[in-house]
Amino acid sequence: MNEHTTVSAKQLCTLVFLSLAVDMAVRPFTSGGSAGAQIAILAAVLNTAVVSILLLPVLGLLRREAFTTLKGGVTFGSKALLTLSAVLFAAGGAAAMVRSEAFFRYVSDEPMPQLLVYGLFLLVVFYALRCGLEGIVRVLGLAAGLFLLSMALMLVSNLGGVHLSNLTFQPFDFPEVLRTAARGFTLPPELPLFCLLSLHANREKRRPLLKTLALLCVFYIGLTFCSEAVLGMKAQLQQQTIHTLSRLGSISVFRRLDALHIAAWMLAELCKVAALAYGVQSALTPLLPHSQTCGYAVGLLAVLLAVCAGAPPETLRAVLTAGTAVLLACTVVYGCVMEGFYAKKRV
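Residues numbered from 1 in each chain as written. Predicted model: local features only at pLDDT ≥ 70, side-chain atom pairs only at ≥ 80, totals over all residues. Heavy atoms only, no water.

A separate point is the overall build of the protein. For the protein, the helix and strand inventory stands at 11 helices and 0 strands. For the protein, the share of sequence-separated contacts (at least 6 apart) that also reach a separation of at least 24 residues comes to 85%. (Helix = DSSP H or I, 4+ residues; strand = E, 2+ residues; numbered from the N terminus. Contact = heavy atoms within 4.5 Å.)

Dropping the structure here:
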């Protein structure tokens with residue numbers, strides 16, 4: 001990564017928000033129905049609290065500048081951590097491409113060939129890496145605006161179909177909330193990506209990650225509530241609930257606005273993959289000659305894309321969650337070791 005590259009706290013938060021919010025619209029094609037809104041909302045609040053608690057040690061070390069040696073990649077620990085980060089970010093980007101291609105094929109009357117879609121994704125990623133982080137975050141800000149406009153337009157177009165009688169109510173069942181939370185729990189690669197890019201962010205107020213996670217939880221609650229208020233119990237059986245809402249909504253003489261929604265969502269997916277690919281390049285920069293990092297980043301993304309293309313969505317989610325957990329744990333250990341090492345040197 002260019003040492004002069006800087007991003008603001010707002011841009012990093014937008015990156016995390018858009019990358020995780022688009023997963024709520026473009027969902028993986030998993031088997032089985034989802035929980036009702038009452039249970040799903042409580043489970044989402046619980047999962048957000050758990051993820052926030054797990055991130056506290058990393059954010060604390062980040063605030064105390066315990067990861068500055070990662071920029072150079074000179075120690076064995078930093079090299080191992082950067083290598084693991086590159087593989088995880090590439091796997092996250094590959095999984096996002098697989099999910100996006102499956103969704104695009106699902107919504108298209110005449111789907112494009114699978115290899116052509118993947119090839120276009122990789123070309124866009126290569127171009128984005130050549131533009132640098134500043135170019136990526138500028139486009140990402142535009143994509144976030146279009147995505148939020150799409151969500152607002154979809155909500156307005158479905159207001160006529162919102163009926164509180166569609167909501168299902170049941171006695172509070174804490175074990176069921178725990179089971180739903182466990183099934184839906186995930187640690188996305190965007191969390192360590194945020195931490196890596198924070199090393200090159202502007203110093204003041206550069207890590208408001210927990211607020212972004214809380215905002216994402218509120219966003220999910222709103223989508224879940226509206227989905228069940230419109231679709232009733234049928235919302236639990238939909239493979240792509242938000243896409244179904246985009247097809248039902250109508251404004252004035254305009255019909256079938258789902259094509260515009262899909263365009264906004266796919267742009268958000270492209271930005272997400274580009275951001276993860278930049279994370280791969282950033283992790284490889286201290287380990288390889290700078291002129292080769294872009295090619296290696298795209299190459300690693302293509303290799304893991306071939307691996308992820310045949311894997312079930314549940315397996316991909318589980319592997320990414322486990323990989324992120326391992327990376328966060330290794331990051332905490334590395335930060336504590338380096339913090340103790342420099343404390344001894346000061347003595």
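This is not the end of the story, as more comes after the structure.
By the secondary structure assignment, V218 is in helix α7 (residues 209–231). Residue class for V218 comes out exposed when judged on its relative accessible area of 55%. Considering only alpha carbons, one finds V218 and A44, 174 residues apart in sequence, at a separation of 9.2 Å. (Buried < 20%, exposed > 50% of the residue type's maximum accessible area, 1.4 Å probe, protein only.)

Counting across every chain of the model gives 3 aromatic pairs. Plain terms: the ring middles of F147 and F219 are 6.1 Å apart, the flat faces sit at 45 degrees to each other, and that makes the pair tilted. Of this pair, F147 sits in helix α4 (residues 114–157) while F219 sits in helix α7, and the two are 72 residues apart along the sequence. Residue classification places F147 among the buried residues on the basis of a relative accessible area of 0%. A relative accessible area of 15% places F219 in the buried class. Among the aromatic residues, those joined into a cluster by ring pairs are F17, F147 and F219. (Phe/Tyr/Trp six-rings, centres within 6.5 Å; stacked < 30°, edge-to-face > 60°.)

On to the side chain of T285, then. Looking at the element boundaries, T285 is found in the loop between α9 (258–284) and α10 (293–308). Classification of T285 by relative accessible area gives buried; the value is 16%.

Another aspect to go through is α10. The end-to-end C-alpha distance of α10, which contains 16 residues, comes to 22 Å, matching closely the 22 Å that a straight helix rising 1.5 Å per residue would cover. Residues of α10 that are buried include every one of T293, C294, A297, V298, L301, L304, L305 and C308, and no others. Buried residues of α10 fall within an arc of 130 degrees about the axis and therefore sit on the same side. What points out from α10, more than 90 degrees from its buried face, is the exposed set V303, A306 and V307. (Expected span 1.5 Å × (residues − 1). Arc of directions from axis to C-beta.)

Here we take up the nonpolar core. As a rule of thumb, nonpolar side chains are buried together in soluble globular proteins. Core analysis: the largest hydrophobic core is formed by 96 residues, its most contacted members being F147, M151 and W265. At 16 residues, α4 tops the list of elements feeding residues into this core. Aside from chain neighbours lying at most four places away, what touches M151 is A25, F219, L223, I242 and W265. (Core = buried A, V, L, I, M, F, W, Y, C linked by side-chain atoms within 4.5 Å.)

A few words on the packing of helix α3 (residues 76–107) against α9. Between α3 and α9, the shortest axis-to-axis distance is 8 Å and the interhelical angle comes to 165 degrees. Judged on the interaxial angle alone, α9 and α3 are roughly antiparallel. As α3 packs across α9, the resulting crossing turns out to be left-handed. Taken together, the residues of the contact of α3 with α9 sort by class into 17 nonpolar, 5 polar and 3 charged. (Axes fitted to C-alpha atoms, helices over the stretch in contact; angles between N-to-C directions. Parallel < 35°, antiparallel > 145°, perpendicular 65-115°, else oblique. Left-handed = near helix turned anticlockwise from the far one by under 90°. Nonpolar A, V, L, I, M, F, W, Y, C, P; charged D, E, K, R; others polar.)

Here helix α1 (residues 9–25) contains 17 residues, and its C-alpha end-to-end distance of 25 Å stays within 8% of the 24 Å for a straight helix at 1.5 Å per residue. Across the 17 residues of α1, 13 count as buried, placing the element largely inside the fold.

Let's shift gears to the pattern of salt bridges. According to the stated counting rule, one finds 7 salt bridges in the structure shown. Across the pair R179 and E176 runs a salt bridge whose closest N-O atoms are separated by 2.9 Å. Here the residue R179 and the residue E176 both occupy positions in helix α5 (residues 174–184), the gap between them amounting to 3 residues, near one helical turn. Within the structure, one salt-bridge network assembled from shared partners comprises D23, R99, E190, E269 and K272. (Salt bridge = Lys/Arg side-chain N within 4 Å of Asp/Glu carboxyl O.)

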